[in-house]
Amino acid sequence: MVCTGCALLCEDVEKYDGEVRDACRIGTAHIRNRQQINPMVDRKVVDMDSAIKGALDILSHAKRPVFVGFGNSITETQQTGIRLAEKIDASIKTFHTGIIENILNNRVKTCTLSDVRDYADVIVFWECDPMNTHPRLLSKYAYYPRGEKRQHGWEEDRIAITIDLRYSHTASICREVHKIHPGLDADFIDALIDGLHNKVPKTTYDKKQILKLAGTLKKAEFGVIFAGTGMTTPQDAIIRLMDELNEVSNFHILPMTPGYNLRSIAAQLHGRADSGIDMHEADCVLCLGFDLLNSLPVHEINGKMIVIDPNDTISSRYADVVIPCAAGGVDCAGSAVRMDGVEVDLPRIMESERISDASIMNQLLEAM
Ligand code: SF4
């Protein structure tokens with residue numbers, strides 16, 4: 001089976017008689033998750049048809065609809081969701097897609113995870129903590145495995161570096177750790193660029209440390225930066241850094257996407273005009289596989305809320321309409337795009353009575 005617990009989409013996970021093998025703790029919890037929700041309207045349990053009718057009611061009266069999420073849905077659902085958004089002029093909001101945009105625009109150099117495993121000798125974890133978000137990244141690709149050009153193991157062949165606001169779990173295995181001050185990411189980048197040009201940087205950061213980091217990055221045969229959702233630096237600064245790094249070295253960037261299929265929706269929305277309705281102005285917010293209230297206080301939402309999700313979430317407890325759906329790669333088949341852009345088929349591994357979010361979106365699309 002393919003695990004959809006994160007954007008690594010591990011294809012070597014197995015499930016026998018309820019036992020999950022070779023998945024990490026996030027994947028195991030994801031595959032075994034049974035915190036399923038009931039269809040609800042106005043926080044009362046109803047049947048599926050009534051929940052879908054409730055959603056149609058809200059959508060058909062909406063003047064400023066916003067769709068949020070899409071990163072935890074199969075590609076087929078995303079496609080139908082976009083068609084529905086176009087039909088009712090809804091804005092689609094996904095998050096943390098800036099670096100993917102730059103990759104799609106060929107503004108930064110990227111590579112695949114297999115390239116990282118086979119060639120990478122300098123690996124930078126920039127404001128990300130894969131040990132807690134993409135737990136098998138280090139063992140399958142980024143640090144521990146032997147690869148075509150990295151046959152001597154991590155002790156000799158690879159240098160891992162963390163650049164982050166805090167000392168993360170991932171930092172604990174890194175040879176170099178650099179702390180960034182909140183809001184001063186761009187200053188750190190400027191100082192590093194000076195260091196790459198052998199100039200002593202004018203900065204509040206430790207100059208010796210910056211010069212040491214610049215020296216390590218310059219020596220890379222094949223460097224990769226894993227850019228986390230915390231990498232809030234203006235995109236122009238990231239592009240500038242990548243350009244400068246590639247003047248003196250060979251560096252690639254890969255986005256650590258939070259949803260298992262965020263890369264797919266980012267590609268589908270690339271270059272598409274959006275109605276640009278602000279979340280605060282929305283009179284209807286449709287959350288697709290996304291727990292909006294986990295990151296936004298409820299008083300920031302002024303419209304009616306529809307939640308389509310396999311599981312119980314904070315948002316599903318506040319929503320006006322809740323529609324449960326099957327989970328991609330568990331009780332729903334489809335396809336997805338891994339964080340490095342590789343397409344992956346997601347077989348279904350168990351039967352259930354839940355219907356897919358693709359089918360729900362299709363019903364909404366046909367009825368609107
Ligand atoms: S690393 Fe991600 S895809 Fe792989 S088993 Fe863990 S949660 Fe699943």
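1. Digging into the domain arrangement of the chain
You can read the domains of the chain as domain 1 (36–95 + 272–367) and domain 2 (98–255). Just the C-alpha atoms count here: the centres of domain 1 and domain 2 sit 34 Å apart.

2. Brief notes about the pairing of strand E15 (residues 334–337)
Relative to strand E16 (residues 343–346), E15 is paired through four bridges, and the arrangement is antiparallel. Of the residues in E16, the one forming a bridge with Gly 334 is Leu 346. Connecting the antiparallel pair E15 and E16 is a turn made up of five residues, with Gly 341 showing a positive phi of about 95°.

3. Description of the packing of helix H3 (residues 75–88) against helix H12 (residues 262–269)
Closest axis-to-axis distance for the H3/H12 pair is 10 Å, and the angle between their directions is 35°. Here H3 runs over H12; the crossing is right-handed. Each of Thr 75, Gln 78, Gln 79 and Ile 82 in H3 lies in contact with H12, whose residues at this interface are Ser 264, Ile 265 and Gln 268. The residue inventory of the contact of H3 with H12, partitioned by class, reads two nonpolar, five polar and no charged.

4. Observations concerning the packing of helix H9 (residues 185–196) against helix H10 (residues 207–218)
Direction vectors running N to C along H9 and H10 enclose 60°, while the axes themselves pass 8 Å from each other. The two elements H9 and H10 cross, and the hand of that crossing is right-handed. Judged by residue contacts, Ala 191, Leu 192, Gly 195 and Leu 196 of H9 engage Ile 210, Leu 211, Leu 213, Ala 214 and Lys 218 from H10. Considered class by class, the residues forming the contact of H9 with H10 number seven nonpolar, one polar and one charged.

5. A word on the nonpolar core
Across soluble globular proteins, you tend to see nonpolar side chains buried next to one another. Ranked by size, the top nonpolar core spans 118 residues in total, and within it Leu 192, Phe 226, Val 285 and Val 321 carry the most contacts. If one sorts the elements of this core by residue count, H9 sits on top with six residues. Three or more residues apiece are contributed to this core by two domains, here domain 1 (36–95 + 272–367) and domain 2 (98–255). Aside from chain neighbours lying at most four places away, what touches Phe 226 is Val 124, Phe 125, Trp 126, Cys 128, Pro 130, Ala 142, Leu 254 and Met 256.

6. Observations concerning the environment of Ser 356
As for its placement among the helices and strands, Ser 356 is situated in the loop between E16 and helix H14 (357–367). For Ser 356, a count of 22 C-beta atoms within 10 Å gives the class buried. Taking the C-alpha atoms as reference points, Ser 356 and Leu 269, separated by 87 residues in sequence, lie 22 Å from one another. For Ser 356, the contacting residues outside a window of four places in its chain are Thr 77, Cys 325, Ala 326 and Cys 332.

7. Structural notes on H10
Its 12 residues place the ends of H10 16 Å apart at the C-alpha level, agreeing with the 16 Å of an ideal helix rising 1.5 Å per residue. Every buried residue of H10 is accounted for by Ile 210, Leu 213, Ala 214 and Leu 217. Each buried residue of H10 sits inside an arc of 100° when the element is viewed along its axis, so together they form one side. The exposed set on the far side of H10, more than 90 degrees from its buried face, consists of Lys 208 and Gly 215.

Quick notes on the rules
Residues numbered from 1 in each chain as written. Predicted model: local features only at pLDDT ≥ 70, side-chain atom pairs only at ≥ 80, totals over all residues. Domains from an automatic or database assignment. Pairing = 2+ DSSP bridges. Helix = DSSP H or I, 4+ residues; strand = E, 2+ residues; numbered from the N terminus. Axes fitted to C-alpha atoms, helices over the stretch in contact; angles between N-to-C directions. Left-handed = near helix turned anticlockwise from the far one by under 90°. Contact = placed C-beta atoms within 7 Å. Nonpolar A, V, L, I, M, F, W, Y, C, P; charged D, E, K, R; others polar. Core = buried A, V, L, I, M, F, W, Y, C linked by C-beta atoms within 7 Å. Buried ≥ 20, exposed ≤ 12 C-beta atoms within 10 Å, placed from the backbone. Expected span 1.5 Å × (residues − 1). Arc of directions from axis to C-beta.

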